[in-house]
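# Architecture and fold: a report
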Amino acid sequence: MKISQNRPFASLNVGETAEITRICTIDDLYAFAGATGNHNPLHLAAYDGDGDGRAEAVAPALWHVSLLAAILGNILPGAGTRLRHLDLHVDGTAEAGDELHAKIRILEKRDDGDVVFQAAVTRELDDTPIISGTLRATPPDKALHFDAIDVPGLIVQRHRHFEALLARAEEIPPMRTAVVAPEDPNALGGAFLAQEHGLIVPILVGDPAKIAAAARALGRDLAGLQIVPATDHRTAAQRAVDLIQEDAASALMKGHLHTDTLLRAVLRTENNLRIGQRLSHVFVMDVPGVMRPILVTDAAINIAPDLPTKVDITQNAIHLAHAIGIETPRVGILSAVETVNPQIMSSVDAALLAKMADRGQITGGIVDGPLAMDNAVDLGAARTKGIKSEVAGRADILVVPDIDAGNMLAKQLTYLSHADGAGIVLGAKVPIILTSRADDDASRLASCAVASLCVATGTFGTIPARDE
């Protein structure tokens, strides 16, 4: 149990200081808006007035002031302190994602028992002033030793990243998509949903009787939809691939069939859908409370990838990150440790992948590893372990050692962290949308949106030149 104590007036000395460092998150600003009722879109990631293409969320000035109040109430003088007067100036702005440094210093102990503090909030990266001025507060009457209050964490459970992806994709002309074996209500319903949002023009490939039965179960009409008959799943997968070869479709979507049946048709040499690298699966995860989408790969196809396969897995994920708008993705190669241990092969592979990226054998992103999960996604954990890296604590892409780790990580994010996940297969000439019966509507739509952005941006299926 953490023990805290405060500082009464008599124990304070002029010149004493206290400070905290805090990363401002989008969720902080939503929570602040909910508490105060200030729903100014400038503060809620809905403003993009400077033309740089980013949706800023500018922190309200009073949010910065609350950092100073936190120092007074928690550190100096501590519990029981009452704020009396503010004389502060707003010198600049900060956005969600900025790391802020708040500091106070005792300037004067007054005869009436109040204390005057110099106060400042700056942006940690470049010392840009945000707030400056003075505070006057009444310290507590007596010293107290007490158990620190454990305030429960707050997560704003919105999937804003998927909302943004869907909004972008809905502005793109719908892609003609071969939906393979949409022979149950879940599979067919996903195709209808994506069509309603203008993401796809579905071409239904499968058993016409089973497709009709699924439509009746949904209470939907198949009028106007193209149906390509196929009496079994193997034939359906091949006919869907034929549509790609004929330029009649620009994406594949898995319906009610086994993934390996679909991929076997894609991988067949005579079908010519491969582009010279391994297929790999990427989950694009929208995790409440995380300020960016997290890409997890490979959690579904490559069981125990060797180093050359991991190169393709990493490169595929970087291309996908580009397609969804991450200009220079940070790629964390995961292992159980953050240092190279010859007995842990994933740590060796991670170091090799990072060096290969340095030498241009993997392009388009910043690659680092080995990184353990904590120091890949949490800046505080990375700093505690002394890791200095452009990726540590801020990874956009997590490359896992094997399918076990990837599957567990993706499902942990889904079922414990309440994430939604979009699933897509890369490494072929067209995106392959993988949906599951367990997927909700948001995940189905996001998968289609990601595929649409891949097709529209032209970044899908390109690979760097390799030395023989």
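Residues numbered from 1 in each chain as written. Predicted model: local features only at pLDDT ≥ 70, side-chain atom pairs only at ≥ 80, totals over all residues. Heavy atoms only, no water.

Glancing now at the environment of Val287. Here Val287 shows up in the loop between β12 (280-286) and β13 (294-297). Judged by relative accessible area, Val287 falls into the buried class, the value being 5%. Distance from Val287 to His161, taken between C-alpha atoms, is 8.7 Å for residues 126 residues apart in sequence. (Helix = DSSP H or I, 4+ residues; strand = E, 2+ residues; numbered from the N terminus. Buried < 20%, exposed > 50% of the residue type's maximum accessible area, 1.4 Å probe, protein only.)

In this section: the sheet that holds strand β3 (residues 82-90). Read across the open sheet, the five strands follow the order β2-β4-β5-β6-β3; overall the sheet is antiparallel. The open sheet terminates on both sides in strands that have one partner only, identified here as β2 (17-23) and β3. Taking each pair of neighbouring strands and ignoring which way they run, the sheet shows an average axis angle of 20°. Here eight bridges tie β3 to strand β6 (residues 128-138), and the two strands are oriented antiparallel to one another. (Pairing = 2+ DSSP bridges. Axes fitted to C-alpha atoms, helices over the stretch in contact; angles between N-to-C directions.)

Further remarks concern the sheet that holds strand β16 (residues 397-399). Strand order in the open sheet formed by 11 strands is β10-β9-β8-β11-β18-β17-β12-β13-β16-β14-β15, and the pairing between neighbours is mixed. Both edges of this open sheet fall to β10 (226-229) and β15 (366-371), since each of them pairs with a single strand only. Here three bridges tie strand β14 (residues 330-334) to β16, and the two strands are oriented parallel to one another. The partner of Gly332 across the bridge, within β16, is Leu398. Across the face of the sheet, helix α6 (residues 233-245) comes into contact with β8 (175-180), β9 (200-206), β10 and β11 (251-254) while running at roughly 140° to β9. Across the sheet, helix α8 (residues 307-323) touches β12, β13, β14, β15, β16 and β17 (420-426), and the angle it forms with β12 is around 45°. (Contact = heavy atoms within 4.5 Å.)

A few words on the nonpolar core. Leu199, Val284, Leu295, Leu320, Ile324 and Val450 are the most contacted members of the largest nonpolar core, which totals 56 residues. With eight residues, the top contributor of residues to this core is helix α13 (residues 441-457). When neighbours within four sequence positions are excluded, Ile324 is seen to be in contact with Leu165, Arg168, Val284, Leu295, Val450 and Leu453. One finds Ala240, Leu257, Leu262 and Ala265 within the second-largest nonpolar core, a separate group that totals 27 residues. (Core = buried A, V, L, I, M, F, W, Y, C linked by side-chain atoms within 4.5 Å.)

Of the residues in the chain, 91% reach a pLDDT of 70 or more, and the chain-wide mean stands at 88. Counting interchain partners and residues more than four positions distant, the pLDDT-below-50 stretch residues 49-53 has two contacts. Segment residues 461-468: pLDDT under 50, and 11 contacts once partners within four positions in sequence are set aside and those in other chains are kept. (pLDDT = per-residue confidence, 0-100.)

Attention shifts here to the environment of Ile203. Structurally, Ile203 can be placed in strand β9. Through-space distance from the C-alpha of Ile203 to that of Met253 is 9.7 Å; in sequence the pair is 50 residues apart. Here Ile203 is in contact with Arg176, Thr177, Ala178, Val179, Gln226, Val228, Leu243, Ala248 and Ala249, once residues within four sequence places are set aside.

Take α13 next. Over its 17 residues, α13 runs 24 Å from end to end, which matches the ideal 24 Å to within 8%, given 1.5 Å per residue. The element α13 is largely enclosed, with a buried count of 12 among its 17 residues. Buried within α13 we find Ser443, Arg444, Leu445, Ala446, Ser447, Cys448, Ala449, Val450, Ala451, Ser452, Leu453 and Cys454. Gly458 sits one or two residues past α13 and shows a positive phi near 70°. (Expected span 1.5 Å × (residues − 1).)

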